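One-letter residues, chain by chain:
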Amino acid sequence: MPDNSSPTTSPSQLPLYVDLDGTLIKSDVSFESLLLLLKQNVFYLALIPLWLSKGLANLKAEIAARVDVPIQHLPLNGEFWHYLEAEKQRGRRLILISASNEKFVHSVGDYLQLFDEVVGSDAELNLKADRKLQRIRETNSDAGFAYAGNSRADLPIWAAADQVIMVNCPAALGGHLAPPEQVEHFDAPDATAAQLWKAMRPHQWLKNGLVFLPLLLAHQLNDLALLANALLGFVSFSLCASSVYLLNDLVDLDSDRSHVSKRKRPFASGRLPLAVGFIAAPGLLAVAFAVALLLPPAFLLVLLLYWLLTTLYSFYLKRLFLIDVTVLALLYTLRIYAGAAAVSVTASYWLVAFSLCLFLGLAMVKRVTELVNRAQAQDTDAVSLDGRAYKTSHLELLTTMGGIASGLAVLVFVLYSNDPDTRVLYAS
């Protein structure tokens, strides 16, 4: 690496080339555009291998031609952003250069109004590693330059740079450069494992405790073999649910970033790389089904139905008025069916009817609460839920329907309590 202490050119006088994904922003535009494409139409999955066969640059160009990334909501690396603003005020030349498609890179440049020049990949050339270095040298002739990046792919560029800036990456990566003490660091990354655990939402696994309910109502909770099966069912459902949570957060990036509390979620905030989600979501699902293979085949079928329904919910059903709350009630009830299948007992019609009515009422309450909280936060009576088909004008209808569903749950329980078979099971 050239000597940063050269008396002829100080670092602040060097043109600063700035990477986009992971450096300027915490997220990755290429991954975000892929998610938007699949959200638009999941059958694009069939075309991705064909586009990729012509090169990664072609794949990015094909995706860019079909989607628009909401640039205004992308999470910035705050510490580095303030540094760039200060450098711009000093008159330093800033160039945004990225392996992402030029359409998105130009959109970022136009929105931020900070960079003197913007360079991105086209349909033929993927500007990464050595190819990015070549482009820098072409645009900068034989003069020195500074580079800000965030990944191992940036090592050859840092090695040729007169000033090294590392953003959102482990400090140990600077050990590959000499002398490491001259490397500038901004925005230390969060611990990936901790953020992934948070994104998996283990506190939500409490819902999956419903799988133990059939065993409890069958009065066989002291059967250790059946209890072990129920426990395996709980683990399988929890891993499957976490896989769906990750998928849902990936699909809902933009709406989560507009939400007062959801914007703090690991993916939405950029604290957890999107690439981790692309690997962890199918990985957790595979483990969930592997565990399910240890249980009766009926459990595997219920788990598959649960996953299909939750996936449809994430991509489409949650945007449909009243359909979404009905699906939520079904998903809770499926947990009970799964518990019954795991221990090979039959879930009674009484239990199924009670569950559907109870959980439908609770789903209505959830929507009412979200609308009321949104109205209070915005200090207005006319609001709607992002990505949902609900407005404050629906509050009366939702409250009424929720009350009816809850009342039916109570009625079912009363009828069940007075059933002759119930009196045999419960003498008092």
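In what follows, the structure referred to is the one given above.
Described below are features of the structure shown in this document. Keep in mind that this is a model prediction, so the values were computed, not measured.

## Section: the side chain of N126
Okay, step 1: The residue N126 is located in the loop between β3 (117-121) and α6 (130-140) in this model.
Okay, step 2: In terms of polar contacts, N126 uses its side chain to reach the side chain of K60, at 2.7 Å.
Okay, step 3: Excluding residues within four positions of it along the chain, N126 makes contact with L56, A57, K60, A99, S121 and R131.

## Some points on the layout of surface pockets
Okay, step 1: By volume, the largest pocket amounts to about 1,300 Å³.
Okay, step 2: Lining the largest pocket are 46 residues, and of these K262, R265, K366, E370 and R388 sit closest to its centre.
Okay, step 3: Elements with a contribution of two residues or more to the lining of the largest pocket: α8 (192-199), α10 (224-251), α11 (253-257), α14 (297-315), α15 (323-342) and α16 (349-378).
Okay, step 4: The element best represented in the lining of the largest pocket is α16, accounting for 10 residues.

## A word on the environment of A288
Okay, step 1: Following the sequence through the fold, A288 ends up in helix α13 (residues 274-292).
Okay, step 2: For A288, a relative accessible area of 0% puts it in the buried group.

## Notes on the pattern of salt bridges
Okay, step 1: In the structure shown here, the tally under the stated rule is 16 salt bridges.
Okay, step 2: With a shortest N-O distance of 3.0 Å, D19 and K132 are connected by a salt bridge. Of the two residues, D19 is situated in the loop between β1 (16-18) and α1 (29-40) and K132 in helix α6; the sequence distance between them amounts to 113 residues.
Okay, step 3: Under the relative-accessibility criterion, D19 is labelled buried at 6%.
Okay, step 4: Residue R135 pairs with E138 through a salt bridge whose shortest N-O separation is 3.5 Å. Here the residue R135 and the residue E138 both occupy positions in helix α6, the gap between them amounting to 3 residues, near one helical turn.
Okay, step 5: By sharing partners, the salt bridges in this structure join R201, D249, D256 and R265 into a single network.

## Comments concerning the pairing of strand β5 (residues 163-167)
Okay, step 1: Burial runs high along β5: 5 of the 5 residues are buried.
Okay, step 2: Burial along β5 is two-sided: the residues Q163, I165 and V167 and V164 and M166 are all buried.
Okay, step 3: Sheet topology note: the strand β4 (residues 146-149)/β5 ladder contains 4 bridges and is parallel. Across the sheet, A148 pairs through a bridge with I165, a residue of β5.
Okay, step 4: Crossover connection from β4 via helix α7 (residues 155-160) to parallel β5: handedness right-handed.
Okay, step 5: Pairing of β5 with strand β6 (residues 184-186), which is carried by 3 bridges, proceeds in the parallel orientation. Bridge pairing links I165 to E184 in β6.

## Topic: unusual backbone geometry
Okay, step 1: The phi dihedral of D187 is positive, around 50°, even though this residue is not glycine.
Okay, step 2: Along the chain, D187 turns up in the loop between β6 and α8.
Okay, step 3: Assessed through its relative accessible area of 11%, D187 is described here as buried.
Okay, step 4: Residue S344 is not a glycine yet carries a positive backbone phi of 60°.
Okay, step 5: Topologically, S344 is positioned in the loop between α15 and α16.

Here is what the cut-offs are and how they apply
- Residues numbered from 1 in each chain as written.
- Predicted model: local features only at pLDDT ≥ 70, side-chain atom pairs only at ≥ 80, totals over all residues.
- Heavy atoms only, no water.
- Helix = DSSP H or I, 4+ residues; strand = E, 2+ residues; numbered from the N terminus.
- Polar contact = N/O pair within 3.5 Å; in protein donor to acceptor, adjacent residues only side chain to side chain.
- Contact = heavy atoms within 4.5 Å.
- 1 Å grid on protein atoms, 1.4 Å probe; cavity = no way out; pocket = protein on both sides within 12 Å on 5 of 7 lines; lining within 4 Å.
- Points joined across faces, edges and corners; volume = space filled by probe spheres on them.
- Buried < 20%, exposed > 50% of the residue type's maximum accessible area, 1.4 Å probe, protein only.
- Salt bridge = Lys/Arg side-chain N within 4 Å of Asp/Glu carboxyl O.
- Pairing = 2+ DSSP bridges.
- Right-handed = clockwise from strand over helix to strand, strands pointing away.

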